[in-house]
Every structure is written in structure tokens, then in C-alpha cells.
Amino acid sequence: MTSNESAIKQRQKVFLYALLIILSIPPLMPLIWMVSTSLKNDAQIYTTGGTSTSGFSLSSLWPKPFVWNNYPEALERMSFMVYLRNTLFICFVTVLGSVGSSAVVAYGFGRINFKFSSFWFALMLATMALPGQVTMIPIFSLFRSLGWYGTYLPLLVPAFFGSPFFIFLLTQFFKTLPSEFAESAKVDGASDWTIFTRLILPLSKPALATCALFAFLGAWNDFLGPLLYLSDSRKYTLAYGLQQFVGNHYMNWMQLMAASMMFIAPIVILFFFAQKTFIQGIATTGGK
Amino acid sequence: MVQIFQLPMFLPIPPLVCRHGPAGKIGVRRNMKSKFRDNLIGYLFISPWLIGFLVFTLYPFCQSFYLSFTRYNIIQPPKFIGLANYKMMFFDDPLFWASLGVTIKYALVAVPLVLVVGIGLALLLNVNIKGIAIFRTIFYLPSIVPMVATTSIFIWILSPQVGLVNQILAIFHIQGPIWLKDPHWTLWSLVFMAIWGAGGSMVIYLAGLKDIPQYLYEAATLDGASAIKKTQMITLPMLSPVIFFNLVMGVINTFQYFTQAFMISDGTGGPSNSTLFYALYMFQRSWKYLDMGYGSAMAWVLFIIIVAITTVIFRSQKRWVHYGR
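Keep in mind the model is a prediction, meaning the values are calculated, not measured.

Remarks on the overall build of chain A
Next up, step 1: Along its length, chain A carries 15 helices and 0 strands.
Next up, step 2: In summary, chain A has a C-alpha radius of gyration of 25 Å against a globular reference of 19 Å for 288 residues, an excess of more than 25%.
Next up, step 3: Along the first, second and third principal axes, the C-alpha atoms of chain A reach 75 × 75 × 35 Å.
Next up, step 4: Contacts in chain A between residues at least 24 apart in sequence constitute 78% of all its contacts with a sequence separation of at least 6.
Next up, step 5: For chain A, the accessible area works out to roughly 13300 Å², and carbon and sulfur atoms hold 67% of it.
Next up, step 6: Side-chain charges of chain A comprise 18 positive and 10 negative groups, with the mean position of each set lying 4 Å from the other.

Details of the overall build of chain B
Next up, step 1: A count of helices and strands for chain B gives 15 helices and 2 strands.
Next up, step 2: The proportion of buried residues among the 325 residues of chain B is 54%.
Next up, step 3: Sequence separation of at least 24 residues holds for 66% of the intrachain contacts in chain B that already meet a minimum separation of 6.

Considerations on helix α13 (residues 238–247) of chain A
Next up, step 1: Where burial is concerned, most of α13(A) is hidden: 8 out of the 10 residues are buried.
Next up, step 2: For α13(A), every residue scored as buried is listed here: L238(A), A239(A), Y240(A), G241(A), L242(A), Q243(A), F245(A) and V246(A).

Brief notes about the packing of aromatic side chains
Next up, step 1: Under the counting rule described, the total for this entry stands at 58 aromatic pairs over all chains.
Next up, step 2: A centroid spacing of 5.4 Å and a plane angle of 70° characterise the contact between F161(A) and F56(B), whose relative ring orientation is edge-to-face. Residue F161(A) is found in the loop between α7 (153–156) and α8 (164–176), and its partner F56(B) is found in helix α3 (residues 32–67); the two belong to separate chains.
Next up, step 3: Residue class for F161(A) comes out partly exposed when judged on its relative accessible area of 22%.
Next up, step 4: With a centroid separation of 5.2 Å and an interplanar angle of 25°, the aromatic rings of W49(B) and F53(B) are classed as stacked. Separated by 4 residues within a single helix, W49(B) and F53(B) lie in helix α3, roughly one turn from each other.
Next up, step 5: A residue is classified by how much of its surface remains accessible, and W49(B), at 3% relative accessible area, is buried.
Next up, step 6: Directly above the aromatic system of F121(A) lies the positively charged group of K175(A), at a separation of 5.9 Å from the ring centroid.

Focus: the pattern of salt bridges
It is possible for side chains of opposite charge to pair when their charged atoms get near one another.
Next up, step 1: This structure, assessed with the given rule, holds 4 salt bridges over all chains.
Next up, step 2: Here D232(A) makes a salt bridge to R234(A), at a shortest N to O gap of 3.0 Å.
Next up, step 3: Of the residues examined, D232(A) reaches a relative accessible area of 26% and is grouped as partly exposed.
Next up, step 4: Between D291(B) and R285(B) there is a salt bridge; the shortest N-O distance is 2.9 Å. Both residues of the pair, D291(B) and R285(B), belong to the buried class.
Next up, step 5: Ionic contacts of the salt-bridge type, sharing partners, join the residues D93(B), R285(B) and D291(B) into one network.

A few points about the interface of chain B and chain A
Next up, step 1: On the chain A side, the residues contacting the 106 residues of chain B number 110 residues.
Next up, step 2: For the chain B face of the interface with chain A, the top three residues by lost area are F45(B), W49(B) and W156(B), together amounting to 9%.
Next up, step 3: Seen at the junction of chain B and chain A, the total is 0 salt bridges.
Next up, step 4: Here chain B and chain A share 12 residue pairs in polar contact (both at pLDDT 80 or more) between them.
Next up, step 5: Per-element tally for the side of chain B that touches chain A: the top contributor is α3(B), with 22 residues.
Next up, step 6: Partitioned by chemical class, the residues of the side of chain B that touches chain A number 75 nonpolar, 25 polar and 6 charged.

Topic: the side chain of T259(B)
Next up, step 1: On the secondary structure map, T259(B) appears in helix α13 (residues 259–264).
Next up, step 2: Of the residues examined, T259(B) reaches a relative accessible area of 16% and is grouped as buried.

Some thoughts on unusual backbone geometry
Next up, step 1: Of note, the bond from K64(A) into P65(A) is cis; its omega dihedral lies within 30 degrees of zero at -5°.
Next up, step 2: The omega angle of the peptide bond from G270(B) to P271(B) is -5°, so this bond is cis rather than trans.
Next up, step 3: Turning to its location among the elements, P271(B) is positioned in the loop between α13 and α14 (278–288).
Next up, step 4: Within the chain, S79(A) stands out as a residue other than glycine whose phi angle is a positive 50°.

Quick word on a nonpolar patch on the surface
Next up, step 1: The grouping of I51(B), L54(B), V55(B) and L58(B) at the surface amounts to a nonpolar patch, some 300 Å² of accessible area in total.
Next up, step 2: Summarising the element assignment, L58(B) is placed in helix α3.

Each value, and the rule that gives it
- Residues numbered from 1 in each chain as written.
- Chains lettered and ligands numbered in written order.
- Predicted model: local features only at pLDDT ≥ 70, side-chain atom pairs only at ≥ 80, totals over all residues.
- Heavy atoms only, no water.
- Helix = DSSP H or I, 4+ residues; strand = E, 2+ residues; numbered from the N terminus.
- Rg over C-alpha atoms; globule rule 2.2 N^0.38 Å.
- Contact = heavy atoms within 4.5 Å.
- Areas by Shrake-Rupley, 256 points an atom, 1.4 Å probe, with all protein chains shown as cover.
- Lys, Arg positive; Asp, Glu negative; His and termini not counted.
- Charge placed at Lys NZ, Arg CZ, Asp CG, Glu CD.
- Buried < 20%, exposed > 50% of the residue type's maximum accessible area, 1.4 Å probe, protein only.
- Phe/Tyr/Trp six-rings, centres within 6.5 Å; stacked < 30°, edge-to-face > 60°.
- Lys NZ or Arg CZ within 6 Å of the ring centre and 35° of its normal.
- Salt bridge = Lys/Arg side-chain N within 4 Å of Asp/Glu carboxyl O.
- Buried area = accessible area lost by both parts, 1.4 Å probe.
- Polar contact = N/O pair within 3.5 Å; in protein donor to acceptor, adjacent residues only side chain to side chain.
- Nonpolar A, V, L, I, M, F, W, Y, C, P; charged D, E, K, R; others polar.
- Patch = residues over 30% accessible without salt bridge, like charges linked within 9 Å, V, L, I, M, F, W, Y side chains within 5 Å.

Put into C-alpha cells, the structure is as follows:
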């Protein structure tokens, strides 16, 4: 390589970095703006250098002074802690239910040769594409007639019947596990249940973690479920509570952003701790 | 990983399924009894899903078909009224057509844009330079923000007087629109929001790019192909199954688009029905007016539209989706 070529390469690199940095502004800006707003007071938002007549200035992003009050006030006004407890409870139960039941079903599909198994498996894949709207009304009517309206049961019980996507993911994973151990265990008289709990599950921790993470996110973000089934405001989840907060007549941006921040923070922290699991899951699923 | 992308989501793919359970290997010595045992145990293991399928999918699926021919307000039992719901929907309900129009318009704009942005980002970020992981994280970050929070952030940054976007426009002496309050701009606001989250699909494309064999590029380089030519002749065709998958899912998801529309309009679909998405209108009819027969009819029309569009996209794939090596 001549020095001329490496100079061009160098210049390309500089150009690429510059491009990447400029393109990073749109994804980051709303988040920075959220954090900044959550640390300001009314006066800082509506007067100092922050009206559309004067235009945006970078220095306005830095709160002067920092106002921490929005956080405790948002906690109070939104009953954040109550909603957090409700949400965590729902998350915990749905993670347990959907991962557990999906793993059991996946063992059936992935490791046992039974009649029509491929038919059922294909049917299960097909249900993934069925829009939720089609089944929504009869399911609502069913839960209502069981007297479950206003309780968490409609949000929790379906989780225990397996989630097609998790079943698919785990089935594929279980198939990749070597069958020698399982066979020798079988010869020794171990039942399928023993093989499943003692052999397969311990070997499948990464796949189970991916499912658990996505079950958690699904429950954390779920908006439609609580909207349809919860009536008592003490039972609201965070996602639903946040929407109610937005919908309130008076609009306190600082508190809204503080609340949004506290709603997002656990997910972002989780993301940085489990980045690999996240990406793995997204890359295999094709989306949220 | 790539196997999953190539998998047409809702067609049975026999070769992929259950070819080698451990039981298959014992083969020769299997008798009727052990076969029966395998069947029994197999069905026991899949029974949670099977029961769930019957109760939460098959039964509601058929039931909603029946309900679509009834008047049903959930309190009284459904009353059969024939095709009245469908007749009203097609001939007497301008809001139904409005909601269909909003949804299709959004699908035509947002789905291709998100696709292009996602692919563009993936191509850009598929380089090996120092710190690239940080940039990938930055672009990916918006897509993990929960939808409810994303929407509340966008309601704030699109606020007419003091919102971020209009403040930035003011630097250039542009008087920004009132965004979510102006029916001409609501849809675009939602499109911006969708593009902001396009980093989620970027990851899928990145995974797809990693699976393209390097020798194809090497061969093309030897032939003197330019970077653009290589993208056109190698990258995009090799990526087409992933693009296909995202296109299908994007269209399906648009017809279920709900949370964002519900939030920015406080459930009304306003201003001037500009955010009255199909799923939102169906929700209004069913839960606000308790017209669940009509809602079920809308659900079935939705189902048929999705099946039709998906079929068309699937038919088209022969022309542009490239499977195989």
C-alpha cells in the first residue's frame, strides 16, 4: 500500500466518523431532551431561550439550575410506586408462566416424535400471524363472563398456555442439543420429564433467558391489555398509568418527562446488562 | 439464524419440523406399545399450547365470525342480524372508509421509509472500525424505548410553542406546524416516530449482512465492480429474504397500529379523524359504543385484508426475493 492510498483510507475514515456522529443526533436528541426537560422548572421551559421565536440553543439543554423536584412530584402524582409494584407483579408471573409452559411444549415438539407433530407445529407458526384484533372480542367476552374483568387474571392466565414465538425459539434450540445423553438416560430408565428438567433445561439457559427477557418486555410495555381489562386505578400498570398521565388535562411536561424517564430507565439498564440477549432475540424474531 | 428469516411465517414448512426426536433413533425395535407411549407423552407435553390454542385462538376465531353477523353489546346475548353489519360498514359508514384510508396511507409511507432507513443504517454500520459498537447501540436505543414512553416524548418534542422540533426550525426562521393538532401533519408526526424506532430492524439486517459469504464480494472486486454495483448485485439480493420478512411484518403491524394513535389523540382519532387508524376505530366501535357485532365484522374484514395483502406480497416474492446460495 502506498502512502497515498493510506491517506485516502484515512480521509475516508474521518468522513465516516463525521457522518456517524451527525447521524447519531436524531436518535439521541429526543432522549437527551427528555432528561433535560425532567430536570427543569416551568420558567426554564417557557422563558429562558426556549421559545420558538428565539430558536433552539445547545446551552438550553443544560438545566440552570437543576430541578430535582419533578421526580418525587411525578412519583407522587402518578402513584408511580403502586403502578411499579403492579407492573412487576404482572411481569414476574407472565415471565414464569410463559417461559415455563413454552419450554414444556417445546420439549414435546423438539424432542418427541409423535403423530401429526409437524401439523401442529405449522399450525402454531400460523397463529403467530393472526392479528390479535380477530380474537379480541370473544376473548374479552369470555373473561368477562368468568367475572375476570377488572382483575389481573386476563393478563396473567393466557401466559400459562405457551407463547408460539417462544415455543418456536425453544424448539429450534432443543433440537440442536445432542441426543446421546438423553438416550443413555432413557436406557437407564429416566422419564421424559426427568430428561426435560434435569438435562434439557440446564443446557438451555441462554435460550430461556432470551424468552424471559422478551416476556418481561412484553408485559412491561403492554398497553392494550390493561386498557381493556383494568378499571380500578389502583390496579393500573406503569404503561397504562403513563398514558393516563399524558391524557390528563393539565400538561406538566417536566413531570411527564420525569415519569417517562423512570419508566424507561429500567429497560435501558436491562439493555446494557443483557445487550447480547437483546440483540439475539431481536435478530431472531424480527422485531418487538 | 438465517434459517428463521427464510421461513415463510405462516406456511407449513415440513422439513424443518420434528424430524429427529430421540425416539426416531431407536427405530428398529419400536413396537406399537412404545409408539403409543410416544404419542401420549408428546401430546401431554404440548397440551398447554393445544388447550390454549383451542380456548384462546380457535374458539374466539370462530366465535368472532359468528358475532360479525349479530348485534351484540356484551350485556345482552348476541342477536342474529345477517349481513347488516357488513352492509352498514361498506355502504353507510364513512368512518370505516376514513379509518381504512388513514391506515393504508400510513402503510404506504411509513413501511417503505422504515425499511429504507433500516437497511441504510445497517449498510452504514456494517463496517469494522473502532467504536462501531457504540454507534450501533446509539441507533438501536430508540427501539427499546417502550411505545408509551416514545409517544409521550414525541408529544412533547412536537409541542407547537416550546417543543424541540419547532425550536430547531426556528433557528432557520421557519414557523413549524402545530403537528399533532393539525390534521395535515399528524400522520407525518407518526411517520417520524416510526423512523425514529427504525434502528430495531437495523439489527435484523445487520444479522442478515453477516450471513452473506465474503467470497462473493472478493470475486466481484476481482471483476472490478464498484461499491454501488456490489450493493446492487450482491448485498440487496442476498438480503432480500430479510427485507421480505420485514415488509410482511410491517404491513401486518400497520393494520394493528393502535397505541400511538390512541395516545396522541386521547382515544378519539382526531384531529378531524386524521389518526383514526383501523384498529383504533374498531376499538371505539367495540368498547366505546359497545357495538361488538360491528367490531367483530371489522375484525374479520381486517383479517381478510391482511390475508389478501400477504398473499400478494408472497406471490411477488418470486420476482425479487432471492433464496439459496
